[in-house]
Amino acid sequence: MAHQALAFLPNELWIHVGDSVTWTSNADEIHTVTFLTVGQVRLPFQVGCPGFVTGFATVDGSTCVTTPPLVKGQTFTVNFPTAGNFKLVCLVHQNMTGVVHVLDLSHSLPHSQRFYDVQAAKESAALLADSLQQHDMAAHSGDHGVTAGIGEVVANGGGFQTLSNLRFMEPTKIIHAGGTVEWTNLDPATPHTITFGVEPPDPVPPVNTTLDADGALHGIINSSADSVHSGLIIAAPQDNLFQPTPPLSVTRFRVTFIHPGVFPYICMLHDGLGMKGEVIVLP
């Protein structure tokens, strides 16, 4: 469950007018199947288009169509009654895109279903193999450092695909009272949190932290009753032409532990997938 290929597999399809495509969620991470109108900005996955469609929909480019977040085993079928090229996105993962080319019946299709099945299997295997290799490369973060997720973004003719390793590398740290542990997110697209104690209802704002001079957030824990939350730790988005430069994001988080004890922590976005750890503080 740690190694997630955040991708439509494959992410480029050619079909005829009147054909339907069924997407099946085969991952433990949530995803949406979303077709936006031209120029529409993606809204949060909790909002949708706004609104959601389940089970079956028709897409002709005139309106936004999206599923709610799909869980493993759920399907969504879309019929395409008009010719055109339709961009496909996931509202949960910004670098998970694709395209459906809908051709008139007079045009022949370049590929069969068998081709897409084989291509999907190859792309999935390649992405997950990269994730395993990255896990080995990022496993050593120093005595007081933890890598909070790794990943990469790749592109092909259909758009973008992402792989993410949803784990804290070397999640258990042993330090002495008064010491500090530092978490760094090395995933270019997937956010994580470092959360001690009570989970806040909204994962975005940090809780009980201050800002260090170098831009990292810093929390202090005195006892197991304390709650400290990093908020979203994520790389800053890429600059867009002719738009304001996005601000730097917080990619690094520190916690200083004043007294001995055992302090469990989670990523509140991915703890259900096993992204957990603990800090053992000795006298």
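Now for a look at the structure at hand. (Residues numbered from 1 in each chain as written. Predicted model: local features only at pLDDT ≥ 70, side-chain atom pairs only at ≥ 80, totals over all residues. Heavy atoms only, no water.)

**With respect to the overall build of the protein chain**
When its secondary structure is counted, the protein chain shows one helix and 20 strands. Oriented by its inertia axes, the alpha-carbon framework of the protein chain measures out at about 75 × 35 × 35 Å. Here the protein chain holds 283 residues, and 42% of them are scored as buried. Residue pairs in contact within the protein chain that sit at least 24 positions apart in sequence constitute 70% of those at least 6 positions apart. As displayed, the protein chain offers around 13,900 Å² of accessible surface, 58% of which is attributable to carbon and sulfur atoms. Measuring between centres, the 10 positive side-chain charges of the protein chain sit 4 Å from its 23 negative side-chain charges. (Helix = DSSP H or I, 4+ residues; strand = E, 2+ residues; numbered from the N terminus. Buried < 20%, exposed > 50% of the residue type's maximum accessible area, 1.4 Å probe, protein only. Contact = heavy atoms within 4.5 Å. Areas by Shrake-Rupley, 256 points an atom, 1.4 Å probe, with all protein chains shown as cover. Lys, Arg positive; Asp, Glu negative; His and termini not counted. Charge placed at Lys NZ, Arg CZ, Asp CG, Glu CD.)

**What to know about the sheet that holds strand β16 (residues 217-221)**
Within a sheet, neighbouring strands are paired by backbone hydrogen bonds and run either parallel or antiparallel to one another. Ordered by their spatial adjacency, seven strands build an open sheet running β1-β11-β10-β13-β18-β16-β15, and the pairing between neighbours is mixed. For this open sheet the edge positions go to β1 (3-6) and β15 (209-211), each flanked by a neighbour on one side alone. The sheet shows a mean angle of 20 degrees between the axes of neighbouring strands, taken without regard to direction. The pairing of β15 with β16 spans three bridges and is classified as antiparallel. Bridging from a neighbouring strand, Thr209 pairs with Gly219 of β16. (Pairing = 2+ DSSP bridges. Axes fitted to C-alpha atoms, helices over the stretch in contact; angles between N-to-C directions.)

**Looking at the state of the cysteines**
Summed over all chains, the structure comprises one disulfide. Paired by a disulfide, Cys49 and Cys64 hold their sulfur atoms 1.9 Å apart. Taking the torsion about the sulfur-sulfur bond, which here is approximately -70 degrees, the covalent link between Cys49 and Cys64 counts as left-handed. In this pair, Cys49 is assigned in the loop between β4 (34-35) and β5 (56-58) and Cys64 in the loop between β5 and β6 (65-66), connecting sequence segments 15 residues apart. The structure places no disulfide on Cys90, whose sulfur is separated from the nearest cysteine sulfur, that of Cys49, by 13 Å. (Disulfide = S-S within 2.5 Å.)

**Section: the side chain of Lys173**
For Lys173, the position within the fold is in strand β12 (residues 172-176). Assessed through its relative accessible area of 6%, Lys173 is described here as buried. In terms of polar contacts, Lys173 uses its side chain to reach the side chain of Glu170, at 3.2 Å. (Polar contact = N/O pair within 3.5 Å; in protein donor to acceptor, adjacent residues only side chain to side chain.)

**A look at unusual backbone geometry**
A cis amide bond links Leu9 with the next residue in sequence, Pro10, at an omega value of -10 degrees. When you line up the elements, Pro10 lands in the loop between β1 and β2 (12-16). That bond from Cys49 to Pro50 is cis: its omega, 10 degrees, falls within 30 degrees of zero. In this model, Asn208 sits at a positive phi of 55 degrees, which is unusual for a non-glycine residue.

**Points about the side chain of Asn11**
Mapping Asn11 onto the fold places it in the loop between β1 and β2. Residue classification places Asn11 among the buried positions, given a relative accessible area of 3%. Discounting residues that sit within four places of it in the chain, Asn11 has contacts with Thr97, Gly98, Val99, Glu123, Asn156, Gly158, Gly159, Phe160 and Gln161.

**Quick look at the nonpolar core**
Counting residues in hydrophobic clusters, the biggest one holds 23 residues, and the most contacted among them are Phe168, Trp183, Phe196, Phe257 and Val279. Every element with two or more residues in this core is listed here: β10 (145-156), β11 (159-169), β13 (180-186), β16, β18 (252-257), β19 (261-266) and β20 (276-282). No other element matches β18, which puts three residues into this core. Dropping the residues within four chain positions of it, Phe257 is found in contact with Ile175, Ala177, Gly178, Gly179, Val181, Trp183, Phe196, Ile221, Phe263, Val279 and Val281. Among the nonpolar cores identified, the runner-up in size contains 22 residues, and Phe8, Phe35, Phe76 and Val100 belong to it. (Core = buried A, V, L, I, M, F, W, Y, C linked by side-chain atoms within 4.5 Å.)

This is a description of form; function is not addressed.
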